[in-house]
Amino acid sequence: MHDELKALDDNHTWSIVPLPKGQKLVGARWIYKLKYHSDDTLERHKTRLVARAFTQTFGVDYKETFAPVAKMNTVIVLLYVAINHG
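Source: prediction; values computed, not measured. Counting starts from 1 at the beginning of each chain's written sequence and moves along it residue by residue. Confidence filtering applies because this is a predicted model: local features only for residues at pLDDT of at least 70, side-chain atom pairs given and counted only at 80 or more, and all residues used for totals across whole chains, interfaces and linings. Side-chain descriptors were evaluated using all non-hydrogen atoms of the structure, hydrogens and water having been removed beforehand.

Novice: I keep staring at the environment of Lys 35 and nothing clicks. Help me out?
Specialist: Strands here are runs of E lasting at least two residues and helices are runs of H or I lasting at least four, both read from the DSSP assignment and numbered beginning at the N terminus. Summarising the element assignment, Lys 35 is placed in strand β1 (residues 28–36). Once the C-alpha coordinates of Lys 35 and His 45 are considered, the two residues, ten residues apart in sequence, prove to be 6.2 Å apart. Here a residue-residue contact requires only that any non-hydrogen atoms of the pair lie within 4.5 Å. Discounting chain neighbours no more than four positions away, the residues touching Lys 35 are Leu 42, Glu 43, Arg 44 and Lys 46.

Novice: I would appreciate a short explanation of a nonpolar patch on the surface in the present structure.
Specialist: Patch construction takes residues with relative accessible area above 30% that form no salt bridge. Like charges are linked within 9 Å, and nonpolar side chains (Val, Leu, Ile, Met, Phe, Trp, Tyr) are linked within 5 Å. Accessible surface area values rest on a Shrake-Rupley calculation with a 1.4 Å probe, where residue burial reflects the displayed protein chains alone. Here, a salt bridge means any Lys or Arg side-chain nitrogen found within 4 Å of an Asp or Glu carboxyl oxygen. On the surface, Met 1, Leu 5, Trp 14, Ile 16, Tyr 32 and Leu 49 cluster together into a nonpolar patch covering about 640 Å² of accessible area. Exposure categories follow from relative accessible area, calculated using a 1.4 Å probe and restricted to protein chains: below 20% of the type maximum is buried, above 50% is exposed, and the middle band is partly exposed. For Ile 16, a relative accessible area of 81% corresponds to the exposed category.

Novice: What exactly am I supposed to notice about helix α2 (residues 72–84) here?
Specialist: Two residues of an α-helix separated by three or four positions point the same way, owing to the 3.6 residues in each turn. Expected helix span is given by 1.5 Å per residue-to-residue step, counting one fewer step than there are residues. With 13 residues, α2 ought to run about 18 Å at 1.5 Å a step, and its terminal C-alpha atoms sit 18 Å apart, in line with that. Burial analysis of α2 places just zero of its 13 residues in the buried class, which makes it a mostly uncovered element.

Novice: Sorry, what's going on with unusual backbone geometry here?
Specialist: Among all residues except glycine, the phi angle is most often negative; among peptide bonds, the trans geometry is most common. Its identity as a non-glycine residue notwithstanding, His 12 has a phi of 55°, on the positive side. Relative to the elements of secondary structure, His 12 occurs in the loop between α1 (2–10) and β1. Judged by its relative accessible area of 68%, His 12 falls in the exposed class.

Structure (structure tokens):
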């Protein structure tokens, strides 16, 4: 958990600011996961900090969301179409 907090701080993921008057604090929780090798031996412990989204209001607590996720099959199909239909 301390390593994750240090990584978030080192990457300037957020900045600590005073809570504006009349605003409520958005809660967060730590999610812990164990990752295993294919032979069921422990590979590593994973930790991440997740905001409790059900307490957030769009336009007040956040303005946009961004999650850069693409499946490799989708990327391959897009490249195939781009190459063949130039």
